[in-house]
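# Coordinate analysis (summary)
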Amino acid sequence: MPTAKEIARLESLSTYQTVNHQFDRAADLLDLPAAERTILKSPFRELKVEIPLKMDSGDWRVFNGYRIQHDNSRGPCKGGLRYHPSVDDDEVRALASLMTWKTALVDVPFGGAKGGIACEPQKMSNDERQRLTRAFVRAIDDIIGPHTDIPAPDVNTSAQTMAWVMDEYSARHGYTPAVVTGKPVHLGGSFGREDATGRGVTIITKAAARAFGLNLREARVVLQGFGNVGSHAARLLHESGAKIVAVGDAHGAVFNADGLDITALAAHSAINGKVGGFPGTTPLSPQQLFETECEILIPAALGGVIDADLAAKVKTKLVIEGANAPVTAGGEAILRERGIISVPDILANAGGVVVSYFEWVQNLTEFRWKEERVQVELEETMLRAFGEVAHVADKRDTDLRTAAFVLSIGHVAAASRLRWMN
Ligand code: NAD
């Protein structure tokens, strides 16, 4: 049982320190030398840009934008763009580093990066969002490209945002669809990219249920986040027979013990901009959402939501990390102590980057894949990664996250040694 002092120490870690704490648990098992740890943990390039923007009102505002490239030893950097007030250098650094470990784990030939702008896109007009995106692309133009760094969507960015990124980059470099993934299908986006992360979450949830003796058809699922990841995961799990009993978003949460009709909930959310008020449901506070009894809990919104306090109260058997870094280091220690199995973000939500890889390949080869091929290859990739992680966890008698990091660090360290350390 971790002491209160140890939990307090873990809870004081920043998001980036939390990822490095996860890294170190695996590096200890691998006996990784101190110098290699330092090299592998820290980003190789960080760009912070100021983006002055004339708002529709005529007033000027200045936004902070970031692009952080963590590692490129296995291929061009890859990672999303997030538009949210919480975006800062620590958060982007942590998310960039998670991308390195994620791309290595599913063995797609990319490194890790992340970017974002500290802003509240819901309070901006479409024109303002477009001008902000274009100005940001001009500011980071020097360090992105189809063979250097390839952005993608993340929180509050969409296929439309990616279309602006592609257009702005192409204005300088000629038509370059491969500079960004998650584009609309009309602009070289891949079939199956829109729901790829949610589909990957579903594939992993099913695999974990099988591996840990849960019958998905009898399982109750609680989900936080009903955006790109959460809504598709909810739909596909619902179609697989799971009972989604509670769903939350930024505005509130809803509960129905008999299971929510996810198709109707998606239509309600599209019209009202929130899940709250969905007929036939009881409203829940964010705290109540996480305390709802279930077999499978899927955080698919923001980071750091399951802290030590909440981890002591969740009533679930499995946590599937649809979001990036949704559990704090203290929360993780408590979940482990309580015997609750967590499937880590770098495995559970890797479906997006896997299909981003397929999109990039399609753009470079100028050949479109059928959706069926995308789905078959996605499933194969996710199940292979799940099998490898479960095997290492078993062999080394460790948790799934540490096992996933053992595998990822192995791949990245091998590439780094071969390219420039040996
Ligand atoms: P999104 O913007 O499409 O949706 C975010 C959802 O979270 C919305 O339903 C929003 O209402 C909800 N939310 C925001 N703040 C909240 C709060 N304080 N409390 C409760 N709910 C809140 O974003 P997304 O693309 O679905 O990303 C969700 C998570 O998944 C993020 O952690 C992201 O990094 C991760 N992720 C996304 C992808 C992808 O392909 N989009 C891939 C891998 C990981």
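### Structural notes on the site of the ligand
- Among the 21 residues in the neighbourhood of the ligand, the closest are listed as Arg82, Asp154, Thr197, Ala301 and Asn324.
- One of the backbone nitrogen or oxygen atoms of aspartate 249 is found 3.4 Å away from a nitrogen atom of the ligand.
- Glycine 322 places a polar main-chain atom, nitrogen or oxygen, 3.5 Å from an oxygen atom of the ligand.
- In the complex, the protein chains occlude 83% of the 830 Å² of accessible area that the ligand would expose alone.
- Grouping the amino acids of the shell around the ligand by side-chain chemistry returns 8 nonpolar, 9 polar and 4 charged.

### Quick look at helix 14 (residues 351–365)
- The end-to-end C-alpha distance of helix 14 is 21 Å, a good match for the 21 Å that 15 residues give at a rise of 1.5 Å each.
- Summarising burial for helix 14: 11 of the 15 residues are buried, a large majority.
- Turning to helix 14, its buried residues are Gly351, Gly352, Val353, Val354, Val355, Ser356, Phe358, Glu359, Trp360, Gln362 and Asn363.
- Close packing links the buried residues of helix 14 with strand 3 (77–83), helix 4 (89–105), strand 5 (149–153), helix 7 (196–211) and helix 15 (371–396).
- Backbone geometry just downstream of helix 14 places glutamate 366 in the positive-phi region, at approximately 50°.

### Points about the pattern of salt bridges
- On inspection of all chains with the given rule, the structure shows 31 salt bridges.
- The residue glutamate 239 makes a salt bridge to arginine 235 at a minimum N-O spacing of 3.8 Å. Remark: arginine 235 and glutamate 239 occur in helix 8 (residues 228–239); sequence separation between them is 4 residues, near one turn of the helix.
- A residue is classified by how much of its surface remains accessible, and glutamate 239, at 54% relative accessible area, is exposed.
- Taken together, the salt bridges that share partners define one network made up of Arg134, Arg138, Asp167, Glu168 and Arg172.

### Comments concerning the sheet that holds strand 12 (residues 341–343)
- The strand order across the open sheet formed by 7 strands is 9-8-7-6-10-11-12, and the pairing between neighbours is mixed. Only two strands of the sheet have a single partner each, and these edge strands are strand 9 (282–284) and strand 12. On average, adjacent strands in this sheet sit at an angle of 20° to one another, irrespective of strand direction.

### Points about the pairing of strand 8 (residues 252–255)
- With 4 bridges connecting them, strand 7 (residues 243–249) and strand 8 associate as antiparallel partners. Within strand 8, the residue paired with aspartate 249 across the bridge is glycine 252.
- Two successive antiparallel strands, strand 7 and strand 8, enclose a turn made up of 2 residues.
- In this sheet, strand 9 lies alongside strand 8 in antiparallel orientation, the contact comprising 3 bridges. Note on strand 9: the bridge partner recorded for alanine 253 is leucine 284.

### Quick notes on the packing of helix 2 (residues 15–30) against helix 4
- Taken N-terminus to C-terminus, the directions of helix 2 and helix 4 make an angle of 30°; their axes are 7 Å apart at the nearest point. What the angle tells us is that helix 2 and helix 4 run roughly parallel. Between helix 2, through Thr15, Tyr16, Val19, Gln22 and Phe23, and helix 4, the contact on the second element is made entirely by Asp90, Arg93, Ala94, Ser97, Leu98 and Trp101.
- Taken together, the residues that form the contact of helix 2 with helix 4 break down as 6 nonpolar, 3 polar and 2 charged.

About the thresholds
Residues numbered from 1 in each chain as written. Predicted model: local features only at pLDDT ≥ 70, side-chain atom pairs only at ≥ 80, totals over all residues. Heavy atoms only, no water. Near = heavy atom within 4 Å. Polar contact = N/O pair within 3.5 Å; in protein donor to acceptor, adjacent residues only side chain to side chain. Areas by Shrake-Rupley, 256 points an atom, 1.4 Å probe, with all protein chains shown as cover. Nonpolar A, V, L, I, M, F, W, Y, C, P; charged D, E, K, R; others polar. Helix = DSSP H or I, 4+ residues; strand = E, 2+ residues; numbered from the N terminus. Expected span 1.5 Å × (residues − 1). Buried < 20%, exposed > 50% of the residue type's maximum accessible area, 1.4 Å probe, protein only. Contact = heavy atoms within 4.5 Å. Salt bridge = Lys/Arg side-chain N within 4 Å of Asp/Glu carboxyl O. Pairing = 2+ DSSP bridges. Axes fitted to C-alpha atoms, helices over the stretch in contact; angles between N-to-C directions. Parallel < 35°, antiparallel > 145°, perpendicular 65-115°, else oblique.

Function cannot be inferred from these measures alone, as they are strictly geometric.
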